[in-house]
Amino acid sequence: MLVAAQSRIFIYFLLLSSIGFSQKQVIKKFTSENNKITIATEGLDSFVIENTTSKFIEVILHAENPTKQHILVDEKHYETVIKFQLPVVLEKEIIFRKFITERLQRAKAVIRIPINKQVIIFGDNIDVTSKGCKNNLEIYIENGIVKFKEVQGNVLLKLYSGNVYASLKKSTINIVSNNGAIKVDEETYQKKYVNSSKKHTLNFTANSLKANFFIDAE
């Protein structure tokens, strides 16, 4: 019985290892004359946006099987749309893998954008991180963890639920969360928080039904 139990543990460890280390990387670089970049995050578990000093837009996709993953770029006359074509995961596989890993981790992406582009992000259940972006950002998601590190552009955020973390040093702040918690510099507010000053050069506006906000505005 002990040998059988040890065998099951070893097989379980191998299964976790194969899931944790099987992701591959795909990179796509391109330029765009459009000032508006729209990103559809369907199929991703997490997403990071950051700036690049070059003229190229760079998309880095980490996925389990790069031969079945596609980064799609649609150049329209007024905007550039970035999408991800990912294989459909069967419902039983989703339930099984969530049981042992808590997250699907099918794919995650990093997108590097030139500073002079407006960025609009759409998604359902997605974790989004903005790393010091100087772009004007609009983010529309259903649920997720959203992190803004050193906000340096205007932000409009709309989500149904989740947790939002932001460092806001030069922003006029307008946050509404009907049923979530709003915590700014260790002070807790109900439903709404507004802070404006003529010294502020940026705007941070967020609207949610159930999300929690944790803001550093000192």
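All figures in this text were calculated on a predicted structure; none of them were measured in a lab.

(A) Expanded view of the overall build of the protein. The number of helices and strands found in the protein is 2 helices and 15 strands. Here the protein holds 218 residues, and the buried ones make up 39% of them. A fraction of 65% describes how many contacts in the protein between residues 6 or more apart in sequence connect residues 24 or more apart. Of the roughly 12800 Å² of accessible surface on the protein, 53% is carried by carbon and sulfur atoms.

(B) Molecular detail of the pattern of salt bridges. Following the criterion strictly, the structure yields 4 salt bridges and no others. Close ionic contact of Glu58 with Arg112 constitutes a salt bridge, the shortest N to O distance being 3.5 Å. Placement of Glu58 in strand β4 (residues 57-63) and of Arg112 in strand β7 (residues 107-114) is noted, with a sequence separation of 54 residues between them. The salt bridge involving Lys169 is made with Asp216; its shortest N-O contact spans 3.2 Å. One end of the pair, Lys169, is in the loop between β11 (155-167) and β12 (171-184); the other, Asp216, is in strand β15 (residues 212-216), with 47 residues separating them in the sequence. Taking relative accessible area as the criterion, Lys169 reaches 45% and is therefore assigned partly exposed. What emerges from the salt-bridge pattern is a single network uniting Glu50, Glu58 and Arg112.

Conventions we followed
Residues numbered from 1 in each chain as written. Predicted model: local features only at pLDDT ≥ 70, side-chain atom pairs only at ≥ 80, totals over all residues. Heavy atoms only, no water. Helix = DSSP H or I, 4+ residues; strand = E, 2+ residues; numbered from the N terminus. Buried < 20%, exposed > 50% of the residue type's maximum accessible area, 1.4 Å probe, protein only. Contact = heavy atoms within 4.5 Å. Areas by Shrake-Rupley, 256 points an atom, 1.4 Å probe, with all protein chains shown as cover. Salt bridge = Lys/Arg side-chain N within 4 Å of Asp/Glu carboxyl O.

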